[in-house]
Amino acid sequence: MASSRNLSRFWEWGRKIICVGRNYAEHAKELKNEVPTEPVLFLKAPSAYVREGAPVLLPYYTNNLHHEVELGVVIGKGGTNIAQSNAMDHVEGYALCLDMSARDVQDQCKKKGLPWTLAKAFDTSCPVSDFIPKETIQDPHNLKIWLKVNDNLRQEGHTSSMIFSVPFLISYISRIITLEEGDLILTGTPKGVAAVGENDEMAAGIDNIITMKFQIKKQLQ
Ligand SMILES: O=C(O)/C=C/C(=O)CC(=O)C(=O)O
Ligand SMILES: [Mg+2]
């Protein structure tokens, strides 16, 4: 699945960030949501990307910014109506990702029936690790992902607990939104989401494959 351009800096491509919500039953339950029978999808803007060394911003309009650690899937070969049986041929690699979420804003949006854009798609809402080549991960459904805040473990989950598998998600999404080279799919977070505040340090990892660290800073108005 050779790509025409190097995807090891996929965040520079400006392509879509497609997020799957409520893909772990324990997380759906901790936020008092029903366990879904179909994937819940939303989007982040490419300006949501942030890399280690730069801060994750605490938006001025939230009092409850949550961390969500997630496995990201980097698309190498685009397509529409991709069959589940071929879906993994469209994967170039993976990344460890955070889906930073302004939970109070999201709750308000849910109450008012409004989209989640303010809660989920703001600048720096998608911290990402280095690119992980596909060959490094034999099975994306056999990984432990974790997140600590100031050295305290907050989230530890196993990707075997995903409700919808990576091939299913690729196939499902591609029937609605054409997938393109450089797109990133966030596959949902396990339980343990909680608030972070100014100057907190988040560290996250996938097994012994990758780790990353980010600090929270207040957004200047
Ligand atoms: O439904 C809610 O209240 C919240 C859902 C999410 O934030 C979904 C995710 O982003 C996720 O499960 O990873
Ligand atoms: Mg999420």
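Residues numbered from 1 in each chain as written. Chains lettered and ligands numbered in written order. Predicted model: local features only at pLDDT ≥ 70, side-chain atom pairs only at ≥ 80, totals over all residues. Heavy atoms only, no water.

- By the naming in an unreviewed UniProt entry, the chain goes by Oxaloacetate tautomerase FAHD1, mitochondrial and is assigned to Aquarana catesbeiana.
- Recorded under Sequence similarities (unreviewed entry), the UniProt text for the chain is reproduced unchanged: "Belongs to the FAH family." (UniProt positions renumbered as here; feature names shortened; annotations may be inferred.)

1. Quick word on the site of ligand 1
Next up, step 1: Neighbouring ligand 1 are 17 residues; Arg22, Asn33, Asp99, Lys110 and Lys120 lie closest to it.
Next up, step 2: Between ligand 1 and Lys110, the relevant distance is 2.3 Å, taken from an oxygen atom to a side-chain nitrogen or oxygen of the residue.
Next up, step 3: Within the contact set of ligand 1, an oxygen atom lies 3.1 Å away from a backbone nitrogen or oxygen of Thr189.
Next up, step 4: Here ligand 1 has 350 Å² of accessible area as a free molecule, and 99% of this is covered by the chains.
Next up, step 5: Judged by the proximity of its atoms to the pocket grid, ligand 1 belongs to the largest cavity.
Next up, step 6: At the level of secondary structure, the elements contributing two or more residues to the shell around ligand 1 comprise strand 1 (17–21) and helix 2 (103–112).
Next up, step 7: With 3 residues, helix 2 is the largest single contributor of residues to the shell around ligand 1.
Next up, step 8: For the shell around ligand 1, the per-class residue count stands at 4 nonpolar, 6 polar and 7 charged. (Near = heavy atom within 4 Å. Polar contact = N/O pair within 3.5 Å; in protein donor to acceptor, adjacent residues only side chain to side chain. Areas by Shrake-Rupley, 256 points an atom, 1.4 Å probe, with all protein chains shown as cover. 1 Å grid on protein atoms, 1.4 Å probe; cavity = no way out; pocket = protein on both sides within 12 Å on 5 of 7 lines; lining within 4 Å. Sits in = over half its atoms within 2 Å of the grid points. Helix = DSSP H or I, 4+ residues; strand = E, 2+ residues; numbered from the N terminus. Nonpolar A, V, L, I, M, F, W, Y, C, P; charged D, E, K, R; others polar.)

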